Amino acid sequence: MQKISVLLFLAWVSFLFYAGIALFTSGFLLTRWELTNHSSCQEPPGPGALPWGGRGEPGACWMASRFSRLVLVVIDALRFDFAQPQRSPVSGEPPVSLPFLGKMGFLQRLLESQPHHARLYQAKADPPTTTMQRLKALTTGSLPTFVDAGSNFASSAIVEDNLIKQLSSTVDSDEWDVLITHFLGVDHCGHKHDPYHPEMAKKLTQMDKMIQGLVKRLKNDTLLVVTGDHGMTISGNHGGESELETSAALFLYSPRALFPSAPAEEPEIIPQISLVPTLALLLGLPIPFGNIGEVIAEVFSEIEDSQPRFSALAQASALHLNAQQVSRFLHTYSATAQDLQVQELHRLQKLFSKASADYQRLLQSPQGAEAVLQTVIPELQQFLRGVRAMCIESWARFSLVRMAGGAALLAATCFLCLLVSQWATSPAFYFGPLLKPTASGLSGAMVCAGLLASTGLKLDSMVLGAMAAVGSLLPFLWKAWASWGSKRPLASLLPMPGPVLLLLLIRFAGFFSDSYIITEARVAPFLLISLILLLVARLHWEGKLLPPKLLSIPRLGFLTPAGPPQYSAMHAVGLGVGLLLCIRLAGLFYRCHEETPVCSSSPLLSPLRSTVDGRTKNLWYGACVGALVALLASVRLWLHCYGNLKSPEPPVLFVRWGLPLMGLGTAAYWALASGADEAPPRLRALVSGASVMLPRAVAGLAASGLMLLLWRPVTVLVKATTGAPRTRTVLTPFSGPPTSQADLDYVVPQIYRHIQEEFRGRLERTKSQGLLTVAAYQLGSVYSAAVVMALTLLAFPLLLLHAERISLVFLLLFLQSFLLLHLLAAGIPITTPGPFTVPWHAVFAWALMATQTFYTTGHQPVFSAIQWHAAFVGVSESRDFTWLSAFLVGANTFASHILFAALPFSEAVGCPLLLLWPFLCENQGSQKRRQPPGNEAEARVRPEEEQEPRMEMRLRDAPHHFSAALLQLGLKYLFVLGIQILACVLAASILRRHLLVWKVFAPKFIFEAMGFIVSSVGLCLGIALVMRVDGAVSSWFRQLVLTQQKAGEQSSLVCTGAGLSARKAQPHLLPPCSQDLLASGTSLFYNSRS
Amino acid sequence: MKDTDIKKLLYTHLLCIFSIILSIFIPSFFLENFSILETHLTWLCICSVSVTAVNLVLYLVVKPNVSSKRSSLSYKVTRFLKCCIYFLTSCFFFHVIFVLYGAPLIELALETFSLAVILSTFTTIPCLCLLGPNFKAWLRIFSRNGVTSIWENSLQITTISSFVGIWLGAFPIPLDWGRPWQMAIEGKHSISLCTRHGAWHCHTSNLILVTIVQGMAHLLHAWSNLWLRGWPCYFTTLDILE
């Protein structure tokens, strides 16, 4: 029951984190679906005749072209005020002189001298104001967001319909028609200095000269467009949505008169994407399918025809075409995705049909329709603007409220983790208050949601989830505050600041710097190495490494450390050095971040297939297979060391025979994959078939192994023998009265043992038959063995998804985690029956190692580094992007998270084992002093053999503390991961105007969030596995008792049964079970070797 | 006795700091084109030599431990040789640690080694001066309750803060602020290695620079710490210990 509640509580905390992440994501990551439909020249956007000159053929698709050539000059980051004409200073006002003002004198002269030919607009760009998104908007006329969800969101080309595509598909002639240039100088100048730097003035003057040269060479039928894709802030950056960033200059010039009227005093403000439909219609092209911009109506007026009515009619027809196209797009889009508001959509459709009817009326009765004409244009414009506003609302605006809410929820959950995990270390911890407020809060939130839904308030699922989370979190915190907070100060619940906290803080702060995120592949190992050195140094500082005689100073005898050394110095230092070496070697596998300009990824990450030299290829293949064999051998060795390999249970049999088979399959697959090109043509089909089947076979074997493990997780060897294998204690002679405390300590147990044996001997003599003795081997490592087996089984399919040489990294990973566990064991103090603590540094080291392995397996938190080839492992050739391939790619990317999320359980399970380790060493150390010196070396070699009686069974003896330790571990791990997520979230929201927000921070957040989800699911699954093992062990004990009952050993079994059940009821009061059994004559030997 | 000890300690620290500051300014009179940023290797050598010299002189003058009973020449020579071996070993040891920490193995090996030398100067030489080539005594100093005198306490604090300083020195490496001191060092090596973002190759050189800053800081820290500990507690704790 306690274990179920642990699992439920962890799941609830994970849910809180998910809700926070989802809420933040819905406010921050704006998504939009990309449609691949195209407008075509022959197909008009809607019913009705095409207006003037539209013939449905190249050159005059929907409308006759007015210009046959276009020169489009995109000056990156040309802010509106850079090009704004400077009025002569009015007397009384001090003249403003800023470096960037009035530097484009030629534009100003054009505007003043040719008011009907040139026009300057203030173009409003939509956020995100990053160049890539802006260029996309300037060609497609839509509102690109950071994640344009489509078939492939890591593409380098635009898949949506766009101007360039229309140009290339419709126009074919020898002469040039369109000239597009993109000048980056102004943007660079802004980033490097800022707009107020004199360099900016120089750059702008240069641009002005360039335009002057262009205008001189323009022919009569050419349109010149000069535009900036976005603006820049005071510091020269862009990416956000401030006024300065979104206002860009847009300048139109034609050698022919284009505008009917003189410009207004202040340049008109238009949306930037208005340029797309305008240019399309002016050049006689169809408007791109996904455009939602509105044409600049005034350029469609008839200049030669002085009648204003025709002018207005021309404008209306252009607007109507535009509106038809937008309506068609809306229709298609709303059929594909549901992210637009339905009510607004209906309103707009009604508006459009009304305007369309008016327009038809206008066409049918050309005379006397002045009034209609006056209403049609505003109606059409209203429709187009309404559509744009609706799209902006759902595609292009950060929702700061949601972002803040998500961040606050994450922070509160982190705090909760901290609080409860600290509380779980106290011995007075009980589970009651954990679940009640949670359950009540959740049910309350459910009821609220139901009420809201029934009243017809339509709410986002994100908001609903967040509300449920808050609704359950608040009562919990309130209850916590009321029940514990009043009794003792809150500060005592929080951990003391230490070096580990400092490291965690550094890591937290690192997420706010793009440099640190880009170089995280090196930062994480740096921190990990620091942590390891710190651990070793602290062991030394606390005097655990050296014998006290070295440390004690004769003069100051009272300062001698009390405890004897628990760990040999060479051992700990050796572990540390081994770890450092492993980390350094794993660092050789390094993939460059895309933002690092001069950097070459390690060639080790590429698949063997790409190696040209046959000899090198063979050598590497040999090394990979060697790593595989070493991995298998080390796992077997580990199991052998702890004795679990002797059990006749099916999982162990699987480990003995199935694992080598899986290794064989993997090696064969590698051979096929790396040499597929060299296969003779006759065998091609066979090879390709085998390279599909082999991964499937390995995955199937792994799955069956896992099922076996779940079915029979207890891997112990039971031997029931009559006639106890008596442990004869060798009594060393001792004469004379005991003089010191040490002598007493030595003599009294000897006497006890002697008496015990005497009694047992008598008992045996009285009974005709010897007592039944059940020897259960390997019970002490039963939890760890299950987890290690599960990990190994998981590692193989994951290995297949990576390139061959990553197997070396996997080997290093296993080695590294083994070494780290041992090193951590050295630092954990002995708390014999009491609450087990999982230290913070251990959890933090795990999280760091997971991050490090993410990088060493050849990943980077950018979309371009996703290893897509994983989608084709074990899948026959098909181009579709299915859920299976998505799963495969995800498994490839987050392999380290899966393994490391799972690994803490081996620590969860191993941690009591680790708790016991120093205890054993201490016992052994005290023995050593009394043993003759000849035995000393032997005793050091086999520390476990002497007394390794209980190990993980100690956990079972204190189920309450076991549950508390599991909870504590899970919460601490979630806290460390949650802090990372929180840092990502805060960084992304604070730095949302940063230049690299979409290149660095947002991808980092996405990867971190995905990693968190994978890790938390792995954590819950792992704890479930531990629970399963625990349940199986319990039933195993019960079965043991039953079989003994059948054997007819009345005297012993009553006692046994009573012992077991009573122990369950009162865990603390009774002595551990083995002693009960021993006293009653049945002995259980924990983890003795056979 | 305590009073003189604390005074001696104070002057020792002041002299150490002074020698580092002098090593920045004095060489520019003798050497052409000398500057910290551009000819940092030269400067490092000078700095390490001067700190060593000051330490040795101070040791000979102050003589904090007067425990050596034997004074034969052969004993002194062996002791000196042992010291040299210890120093070299510590240099190589630190070099290995730096490489394990992520410094490149082959390229910039000279920079890495000079960093190891300067770290040894700040840590090993004071230990050698105060405790002699007695590794067990060193280990004792760096454990809880292992300190017996005010000199050892100072040694403990200065050495640990040297390590912390050199560790902190790694933090500006990934930053791409393009500050003059970063740029100068990056410009010194080939541009292909030290690009704006990929400044990791300049690991060692950056470390050197910041270490020196930290080296001064640690001396200051040690001095202030001693001052805080020494003077107010002068009448209480230290006397009891004595």
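The name an unreviewed UniProt entry assigns to chain B is Phosphatidylinositol glycan anchor biosynthesis class F, from the organism Bos indicus x Bos taurus. Quoted verbatim from the Subcellular location (unreviewed entry) heading of the UniProt record, the comment on chain B is "Endoplasmic reticulum membrane". As stated in UniProt under Pathway (unreviewed entry), the record for chain B gives "Glycolipid biosynthesis; glycosylphosphatidylinositol-anchor biosynthesis."

A. Spatial organisation of the overall build of chain A. Each helix and strand counted, chain A has 36 helices and ten strands in total. Put simply, chain A has 1090 residues, and 54% of those count as buried. Relative to all contacts within chain A whose residues are 6 or more apart in sequence, the contacts with residues 24 or more apart total 81%. As displayed, chain A has an accessible area near 46,700 Å², and 64% of this comes from carbon and sulfur atoms.

B. Looking closely at the packing of helix α21 (residues 614-641) of chain A against helix α22 (residues 650-674) of chain A. Residues and elements named next belong to chain A. Between α21 and α22, the least distance of the axes is 11 Å, while the angle of their chain directions is 165 degrees. Considering the angle they form, α21 stands roughly antiparallel to α22. Every pair of crossing elements has a handedness; the one defined by α21 and α22 is right-handed. Judged by residue contacts, Lys617, Tyr621, Cys624, Val625, Leu628, Leu632, Arg636 and Leu639 of α21 engage Val655, Arg656, Leu659, Pro660, Gly663, Thr666, Ala667, Ala668, Trp670, Ala671 and Ser674 from α22. In terms of residue class, the contact of α21 with α22 is made up of 13 nonpolar, three polar and three charged.

C. Representation of helix α20 (residues 569-586) of chain A. Given a rise of 1.5 Å per residue, 18 residues ought to cover 26 Å, and the 26 Å separating the end C-alpha atoms of α20(A) matches this to within 8%. Taken residue by residue, α20(A) has A:Ala572, A:Leu575, A:Gly576, A:Gly578, A:Leu579, A:Leu580, A:Cys582, A:Ile583, A:Arg584 and A:Ala586 as its buried positions.

D. Spatial organisation of the pairing of strand β2 (residues 69-75) of chain A. Residue and element names in this part refer to chain A. For β2, the buried fraction is high: seven of the seven residues fall into the buried class. Examined bridge by bridge, β2 and strand β6 (residues 222-228) share seven bridges and lie parallel to one another. Bridging from a neighbouring strand, valine 73 pairs with valine 226 of β6. Examined bridge by bridge, β2 and strand β5 (residues 178-183) share six bridges and lie parallel to one another. In the sheet register, valine 74 faces β5, and the bridge partner there is histidine 182.

E. Layout of the nonpolar core. Residue and element names in this part refer to chain A. Of all hydrophobic cores here, the largest spans 170 residues; its most connected members are Val13, Phe28, Phe975 and Phe1005. For this core, the leading source of residues is helix α34 (residues 997-1047), giving 22 residues. Non-local contacts of phenylalanine 1005, meaning those with residues more than four positions away in its chain, are made with Ile21, Phe24, Thr25, Phe28, Cys984 and Val985. By size, the runner-up hydrophobic cluster in this structure holds 71 residues, among which are Val225, Leu321, Leu380 and Ile392.

F. Just the pattern of salt bridges, in detail. All names here are of chain A. Applying the stated rule across the entire model yields 14 salt bridges over all chains. As a salt-bridge pair, aspartate 358 and lysine 354 come within 3.8 Å of each other at their nearest N and O atoms. Of this pair, aspartate 358 and lysine 354 both sit in helix α11 (residues 342-364), separated by four residues, roughly a single helical turn. One network of salt bridges, in which partners are shared, links Lys354, Asp358, Arg361 and Glu379.

G. Region of interest: helix α5 (residues 109-131) of chain B. All names here are of chain B. An ideal rise of 1.5 Å per residue puts 33 Å on 23 residues; α5 measures up with 31 Å between its terminal C-alpha atoms. Its maximal kink placed at threonine 121, α5 deviates by approximately 40 degrees. In terms of burial, α5 is a largely internal element, 19 of the 23 residues being buried. One or two residues past the end of α5 sits glycine 132, with phi positive at roughly 75 degrees.

H. Main features of a nonpolar patch on the surface. Residues and elements named next belong to chain B. A surface patch of nonpolar side chains, amounting to about 720 Å² of accessible area, comprises Leu15, Phe18, Leu22, Ile26, Phe29, Phe30 and Leu31. If one sorts the elements of the nonpolar patch by residue count, helix α1 (residues 2-25) sits on top with three residues. By secondary structure assignment, the location of phenylalanine 18 is in helix α1. On the accessibility criterion, phenylalanine 18 (46% relative accessible area) is partly exposed.

I. A look at the confidence of the model for chain B. All names here are of chain B. Averaged over every residue, the pLDDT of chain B is 69; residues scoring 70 or more account for 64%. Taken element by element, chain B is modelled with least confidence in helix α10 (residues 237-241), mean pLDDT 35, and with most confidence in helix α4 (residues 73-101), mean pLDDT 89. Low confidence marks residues 183-205, where pLDDT is under 50. Its contacts with residues over four positions away, or in another chain, come to 45 contacts. Every residue in residues 228-242 scores below 50 in pLDDT, and together they form 16 contacts with partners more than four places removed in sequence or on other chains.

Analysis parameters
- Residues numbered from 1 in each chain as written.
- Chains lettered and ligands numbered in written order.
- Predicted model: local features only at pLDDT ≥ 70, side-chain atom pairs only at ≥ 80, totals over all residues.
- Heavy atoms only, no water.
- UniProt positions renumbered as here; feature names shortened; annotations may be inferred.
- Helix = DSSP H or I, 4+ residues; strand = E, 2+ residues; numbered from the N terminus.
- Buried < 20%, exposed > 50% of the residue type's maximum accessible area, 1.4 Å probe, protein only.
- Contact = heavy atoms within 4.5 Å.
- Areas by Shrake-Rupley, 256 points an atom, 1.4 Å probe, with all protein chains shown as cover.
- Axes fitted to C-alpha atoms, helices over the stretch in contact; angles between N-to-C directions.
- Parallel < 35°, antiparallel > 145°, perpendicular 65-115°, else oblique.
- Left-handed = near helix turned anticlockwise from the far one by under 90°.
- Nonpolar A, V, L, I, M, F, W, Y, C, P; charged D, E, K, R; others polar.
- Expected span 1.5 Å × (residues − 1).
- Pairing = 2+ DSSP bridges.
- Core = buried A, V, L, I, M, F, W, Y, C linked by side-chain atoms within 4.5 Å.
- Salt bridge = Lys/Arg side-chain N within 4 Å of Asp/Glu carboxyl O.
- Bend = angle between axes of the 7 residues up to and from the residue.
- Patch = residues over 30% accessible without salt bridge, like charges linked within 9 Å, V, L, I, M, F, W, Y side chains within 5 Å.
- pLDDT = per-residue confidence, 0-100.

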